[in-house]
Each structure stands twice: as C-alpha cells, then as structure tokens.
Amino acid sequence: MDLLELSDQGMTWETLFVRGGFPDPLLAPTDAWSFRLRRDFIRTFLERELAWMHPRLPAEALSRLWTMLAHGQGGLLNAARLAGSLGVAVRTLNRYLGVLFDLLLVRRLLPFRANIGKRLVKSPRVYLRDSGFVHALLSLSGFEAVAGHPVAGASWKGFVIENLLAVVPDRTAASFFRTAAGAEMDLVLDLPGGERWAIEAKWARVPRPTKGFHLARGALAPDRTFLVGTGPARASRDDGVEVIPLRDLAAALAARSR
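Criteria and cut-off values
- Residues numbered from 1 in each chain as written.
- Predicted model: local features only at pLDDT ≥ 70, side-chain atom pairs only at ≥ 80, totals over all residues.
- Heavy atoms only, no water.
- Helix = DSSP H or I, 4+ residues; strand = E, 2+ residues; numbered from the N terminus.
- Rg over C-alpha atoms; globule rule 2.2 N^0.38 Å.
- Contact = heavy atoms within 4.5 Å.
- Areas by Shrake-Rupley, 256 points an atom, 1.4 Å probe, with all protein chains shown as cover.
- Salt bridge = Lys/Arg side-chain N within 4 Å of Asp/Glu carboxyl O.
- Buried < 20%, exposed > 50% of the residue type's maximum accessible area, 1.4 Å probe, protein only.
- Pairing = 2+ DSSP bridges.
- Axes fitted to C-alpha atoms, helices over the stretch in contact; angles between N-to-C directions.
- Arc of directions from axis to C-beta.
- Core = buried A, V, L, I, M, F, W, Y, C linked by side-chain atoms within 4.5 Å.

Trainee: What is the right way to look at the overall build of the protein chain in this model?
Mentor: Looking only at helices and strands, the protein chain has eleven helices and nine strands in total. On C-alpha atoms alone, the protein chain measures out to a radius of gyration of 18 Å, which is about the 18 Å that the 2.2 N^0.38 rule sets for 258 residues. Considering only C-alpha atoms, the protein chain reaches an extent of 55 × 45 × 35 Å along its principal axes. Look at the contacts in the protein chain between residues 6 or more apart in sequence, and 59% of them connect residues 24 or more apart. Accessible area for the protein chain stands at about 12600 Å²; split by element, carbon and sulfur atoms hold 50% of it.

What follows is the structure in structure tokens.
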C-alpha cells in the first residue's frame, strides 16, 4: 500500500513509514505486533521461499546482505565493498542483488545521464523498497526509535521515492542527480511530454535547501522543483521552489496518470 491508498484506513503517514506497505504488518494492532510480523516475513522469505525459488542462494549471506543494505539505505552501490564484506566475489554479489532487484525488494535508482558539462556520478543508488523492512532489519519497532536513528533521513528519502514512483505516469524516466562537485537532487522525473520535475526529500518539518540542491537545480533547469519535508504545510518560496507534503505531491503526480 502507498500513501494515497491510506486515506480510507484512518492512518497517518508515520504509521506507513514505520511499518511499510505490506498489509499485514501495516494493519497490525500494535507496533510491536507489526515488528514481529515483518521479522517473521524476512526470516520465512529468506529461509524458505527464496531458497525454494533459488536453491543456490545461501539464506545466511542474503540475510547479511539485506541488513547491510538497510544500514546503507540509499547509498551509492559499491559492489566491491559489499562483496568484500560478505566474503564473496563481485560476480556472486551482483547475482544476489539481481535476484533482489527482480523480486522488487530492492530498487536500483540510476543516475541522471545527460551532456550538461558536469562530472556526474555513474553508480546507481540502492534502496530497500519497503521502509518497514529497513526498520525491522535495524530492530527499530516504533516511530520514536526510527526518528532517533541515523538511518531516519535516508529511510525517509526512500519512502518518498517509492510513494512517488508508485503513481507516476507511464513512460516517466526516474533518476537521481549528483556531481563530483556536490550538486545533488534525490529524484529527477522526466515526465511524458518533456516536463521535468526535481524533488529533494528532507527529514525535517520545515525543509530548507542546501547549496548542493541549488547547484543541482541550476544544472538540471527543471520546470518545477519541490522540497518534501515531514510537515503538513505547503508553501512557495521566493526562489520558486515549492515546499510540499508528500501526500500532495503524490496526488499531483497521480492526477497526471489519469
């Protein structure tokens, strides 16, 4: 379930963020119950279902990989480092990741590619697609535990990206932007018809742009630029950047799909 599907459930974005979008954990009566369901799912999936589908994939190695990805949520993919930490060859590591990509458990967000006269990062970013799994793998059972953990900001970015990509129009090209000089934008959407939206997610009720954000905006020249924070307020800044709640931005994209 995504944020727009939650409107009839009487739940807040905080609940969806902490528990993730799988119905059973999301609708559990307590956070503790939801946490147990997610942990049980992870164990059952790795030890039984994945082993049945891919007998050559060791459950223990995949469990460690999944936990490593949770700790590094949204980081640039460094296959050599991950392979070294797991004690496997890079080719083996890429095979493990390929299975997780194919099963839609992990997202590989590709870097923006264009000839704009900048040294662009070439490695993809890697996100666990369900925020509830991120938090379960890191033993974070409730909102306060998540909010006080260093992963909160990266988990929020992944949550924003997944909820937006769930509702974008068909044929939308999604990427992130980062240069060697520090210009960065979490999500770039090239919509059908040629319009470009640039989106930055901030773990703050009142998000504020950084120098890297402004540099990225200048290089991308988007038609619209958004800052998505955790607060409910919507505002337009003097520089043309739109501060917007995630639900409102998701609704605007969903309207483009109709």
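Trainee: Help me understand the pattern of salt bridges, please; the structure alone is not making it clear to me.
Mentor: Here the idea is simple: oppositely charged side chains can pair when their charged atoms come close. Per the stated rule, a full pass over the model turns up 13 salt bridges. Between Glu-184 and Arg-125 there is a salt bridge, with its nearest N and O atoms 2.3 Å apart. With Glu-184 in strand β5 (residues 184–190) and Arg-125 in strand β3 (residues 125–128), this residue pair connects regions lying 59 residues apart in the sequence. With a relative accessible area of 24%, Glu-184 lands in the partly exposed category. Accessibility expressed as a relative area gives 9% for Arg-125, which makes it buried. Here Arg-237 and Asp-239 are joined by a salt bridge, their closest N and O atoms 3.0 Å apart. A relative accessible area of 31% places Arg-237 in the partly exposed class. Asp-239 sits in the partly exposed class, given a relative accessible area of 28%. One network of salt bridges, in which partners are shared, links Lys-157, Asp-186, Glu-200 and Lys-202.

Trainee: Got a minute to help me understand the side chain of Lys-202 in this structure?
Mentor: Mapped onto the elements of the fold, Lys-202 is located in the loop between β6 (196–201) and α10 (211–220). Owing to a relative accessible area of 18%, Lys-202 belongs among the buried residues under this scheme. If sequence neighbours within four positions are ignored, Lys-202 has contacts with Trp-156, Pro-207, Arg-208, Thr-210, Leu-227, Val-228, Gly-229 and Thr-230.

Trainee: What is the right way to read the sheet that holds β5 from this model?
Mentor: The strands making up a sheet associate through hydrogen bonds between their backbones, and the pairing can be parallel or antiparallel. Strand order in the open sheet formed by six strands is β4-β5-β6-β7-β9-β8, with mixed pairing between adjacent strands. A strand with exactly one partner marks an edge of an open sheet, and here the two such strands are β4 (173–178) and β8 (235–236). For β4 and β5, the ladder comprises five bridges, and the chain directions are antiparallel. The residue of β5 that forms the bridge with Ala-173 is Asp-190. Strands β4, β5, β6 and β7 (224–229) of the sheet are contacted by helix α9 (residues 152–165), whose axis makes an angle of about 5° with β5. α10 rests against β4, β5, β6 and β7 of the sheet, and its axis sits at about 30° to β5.

Trainee: What should I look at first to understand helix α5 (residues 79–86) in this one?
Mentor: Among the residues of α5, Ala-79, Leu-82, Ala-83 and Leu-86 are the ones counted as buried. Angularly, the buried residues of α5 cover 100° about the axis, an arc narrow enough to put them on a single face. Exposed side of α5, more than 90 degrees from the buried face: Ala-80 and Gly-84 are the residues found there. Residues of α5 that are buried make contact with α4 (59–71) and α6 (90–102). Just beyond α5, the residue with positive phi is Gly-87, at close to 75°.

Trainee: Honestly, the sheet that holds strand β1 (residues 75–76) in this entry has me stumped. Any pointers?
Mentor: Reading across the sheet, the three strands line up as β1-β3-β2 and stay open at both edges, with antiparallel pairing between neighbours. The two strands at the open ends of the sheet, each matched to only one other strand, are β1 and β2 (106–109). In the packing of α4 onto the sheet, contacts are made with β2 and β3, and the angle to β3 comes to roughly 110°.

Trainee: It is not clear to me how the nonpolar core should be interpreted in this structure. Could you clarify?
Mentor: Inside soluble globular proteins, nonpolar side chains tend to come together where they are buried. With 68 residues, the main nonpolar core has Leu-65, Trp-66, Leu-69, Val-106, Trp-156, Leu-164 and Leu-189 as its most contacted residues. If we skip the residues at most four places from it in the chain, Leu-189 touches Leu-165, Val-168, Thr-172, Ala-173, Ala-174, Glu-195, Arg-196, Trp-197, Ile-199 and Leu-253. By size, the runner-up hydrophobic cluster in this structure holds 13 residues, among which are Ala-183, Ala-198, Ala-216 and Leu-220.

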